[in-house]
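Each chain is listed here by its residues.
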Amino acid sequence: MNFKTVAYKGSKRKLLKDIQGLVEEIEAETFLDGFSGSGIVSAHFRNEGYQVFANDKMPSCNLFSRVFLHGYNKKKVDKHIKHLNALKGAIGWITNNYSGEKKRMIKGIKKIESRPLGFIKKNAMKIDAAREYAETISDLRDKEAVVFSIALAMNKVFNNSNDQKSCLKDWSQGSLDNIIFEPPTLVSGKQGMVFSGDVDSVSRKNYDVVYLDPPYTNGVLYDSCYHLNDSLVLWDKPKLDTSYAIPRPSRAVFRKNKKTAGKFYSKKSAVDDFKNLLGYFDAKRIILSYSDAPRNILKKDQLIEISQAIGNLKIIEREHKICSQNNKQKKISNKLKEFFFVIDKK
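I will try to describe carefully the structure that is included in this document. Since the structure is predicted, the reported quantities are computational estimates derived from the model, not experimental observations.

**Section: the overall build of the protein**
Counting its secondary structure elements, the protein contains twelve helices and eleven strands. Residue burial in the protein is summarised as follows: out of 346 residues, 54% are buried. Long-range contacts, defined here as pairs at least 24 residues apart, represent 74% of the contacts in the protein between residues at least 6 apart. In the form shown here, the protein has an accessible surface area of approximately 16500 Å², with 49% of it arising from carbon and sulfur atoms. In the protein, the 61 positive side-chain charges and the 39 negative ones have mean positions that sit 7 Å from each other.

**A short note on the layout of surface pockets**
Unfilled space is identified by rolling a water-sized probe across the atoms. Quantified by volume, the second largest pocket comes out at close to 420 Å³. The wall of the second largest pocket is formed by 18 residues, among which Gly219, Leu221, Phe254, Arg255 and Ala261 lie closest to the centre. Looking at side-chain class alone, the lining of the second largest pocket contains seven nonpolar, six polar and five charged residues.

**Some words on unusual backbone geometry**
A positive phi angle is found at lysine 237, which is not glycine, with a value near 50°. For lysine 237, the position within the fold is in the loop between helix 10 (227-234) and strand 7 (240-241). Despite not being glycine, phenylalanine 264 has its phi angle at roughly 80°, a positive value. Along the chain, phenylalanine 264 falls in the loop between strand 8 (248-249) and helix 11 (270-280).

**A closer look at the packing of aromatic side chains**
Per the stated rule, a full pass over the model turns up 20 aromatic pairs. Pairing phenylalanine 68 with phenylalanine 148 gives two aromatic rings, centres 5.4 Å apart and planes at 75°, and the pair type is edge-to-face. Of this pair, phenylalanine 68 sits in helix 3 (residues 59-70) while phenylalanine 148 sits in helix 7 (residues 140-157); the two residues are 80 residues apart in sequence, bridging distant segments of the chain. On the numbers, 5.5 Å between centres and 65° between planes, the contact of tryptophan 93 with tyrosine 98 is edge-to-face. The same class applies to tryptophan 93 as to tyrosine 98, namely buried. Seen from the ring of tyrosine 244, arginine 248 lies directly overhead, with NZ or CZ sitting 4.0 Å from the centre.

**Observations regarding the environment of lysine 169**
Considering the arrangement of structural elements, one finds lysine 169 in the loop between helix 7 and helix 8 (173-176). For the pair lysine 169 and serine 307, spaced 138 residues apart in the sequence, the C-alpha separation amounts to 44 Å. Excluding its chain neighbours within four sequence positions, the residues that come into contact with lysine 169 are Glu113, Arg115 and Pro116.

**A look at the pairing of strand 6 (residues 206-212)**
With six of seven residues buried, strand 6 is to be regarded as a mostly interior element. Bridge analysis of strand 1 (residues 30-33) against strand 6 gives three bridges, and the strand direction is parallel. Residue pairing in the sheet places aspartate 33 in a bridge with tyrosine 211 of strand 6. Pairing of strand 6 with strand 9 (residues 282-291) involves six bridges; the strand directions are parallel. Along strand 9, the bridge assignment pairs valine 210 with isoleucine 286.

**Digging into the nonpolar core**
Core analysis: the biggest nonpolar cluster contains 74 residues, and Val23, Phe31, Ile94, Phe119, Ile150 and Phe340 have the highest contact counts within it. Examining the composition of this core, we find that ten residues originate from one element, helix 7, more than from any other. If near-sequence neighbours (up to four positions away) are discounted, phenylalanine 340 is found in contact with Leu15, Asp18, Ile19, Leu22, Tyr211, Ile287, Leu288, Ser289, Lys314, Ile315, Ile316 and Arg318. Core analysis: the next-biggest nonpolar cluster, separate from the first, contains 30 residues, Phe195, Leu212, Leu278 and Leu298 among them.

The rules behind the values
Residues numbered from 1 in each chain as written. Predicted model: local features only at pLDDT ≥ 70, side-chain atom pairs only at ≥ 80, totals over all residues. Heavy atoms only, no water. Helix = DSSP H or I, 4+ residues; strand = E, 2+ residues; numbered from the N terminus. Buried < 20%, exposed > 50% of the residue type's maximum accessible area, 1.4 Å probe, protein only. Contact = heavy atoms within 4.5 Å. Areas by Shrake-Rupley, 256 points an atom, 1.4 Å probe, with all protein chains shown as cover. Lys, Arg positive; Asp, Glu negative; His and termini not counted. Charge placed at Lys NZ, Arg CZ, Asp CG, Glu CD. 1 Å grid on protein atoms, 1.4 Å probe; cavity = no way out; pocket = protein on both sides within 12 Å on 5 of 7 lines; lining within 4 Å. Points joined across faces, edges and corners; volume = space filled by probe spheres on them. Nonpolar A, V, L, I, M, F, W, Y, C, P; charged D, E, K, R; others polar. Phe/Tyr/Trp six-rings, centres within 6.5 Å; stacked < 30°, edge-to-face > 60°. Lys NZ or Arg CZ within 6 Å of the ring centre and 35° of its normal. Pairing = 2+ DSSP bridges. Core = buried A, V, L, I, M, F, W, Y, C linked by side-chain atoms within 4.5 Å.

What follows is the structure in structure tokens.
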């Protein structure tokens, strides 16, 4: 099944069958996706018949998983989506802050140039109109499905396919296309549950399988990478720090505001963070994803030592791509090794 969701750094779309194979080695009915991100792992395992629980502290990721695990009324949502596509655009928060171009100092060349802010104006206006319409939907599940639809469409016409921290130097063809709203994938299966917050504080600890794909790469702060998704979901229209290439709300500004990015990002606490994480759950099997990408907080040998203290460990290795980036960025997307740390609790 092809699940429609947003592009996301570290997405496991191409590794879903590998993860499923590790789950099928044991008798399992319940599955926790501890860092759910785009929701694709949760969606896949619900579709495969498991009762899925998901957790993520980011508001947008939480919503993606709720739509995949709770579902929605297809007939009503299809009607809402049809209405979105017929809406006239309206100037609002997105248009005022993320459309057109602005002149700014380009650090790399030390020149002031005009660069895209994210969206062409007519698409930004459609996003504003669509998101305001979503606020009028009374049924929560249907409203969240519509907001997911807007996020999907927004990401397709944003002038950077990799993240929301910057834009391409020139407008990409995708960003010039007319925005089109489509319903998110409706997943069938057992009813799931979604938690919000630090994964090692979720109220339920016992699962057959716990799948963990935590952030462990220095400098890849997901709250900053996908701040626009969060703002769209929350629709709180926050004040923005315009010193960045793409303006950010304070919740997505860390170093400048002297805020910590949270667990798993600090070398000083990383070993203890991972010990606490792997030791928190009462699970038959824990599957931890780890890529040998540059700038990792923890080295593979450190994770091996931590994992062996928790249970019996085997490591499965797969080839995987670092990330996909727009060709205009001229960045090489090399393959790297993806490791699955498979821990059967003692």
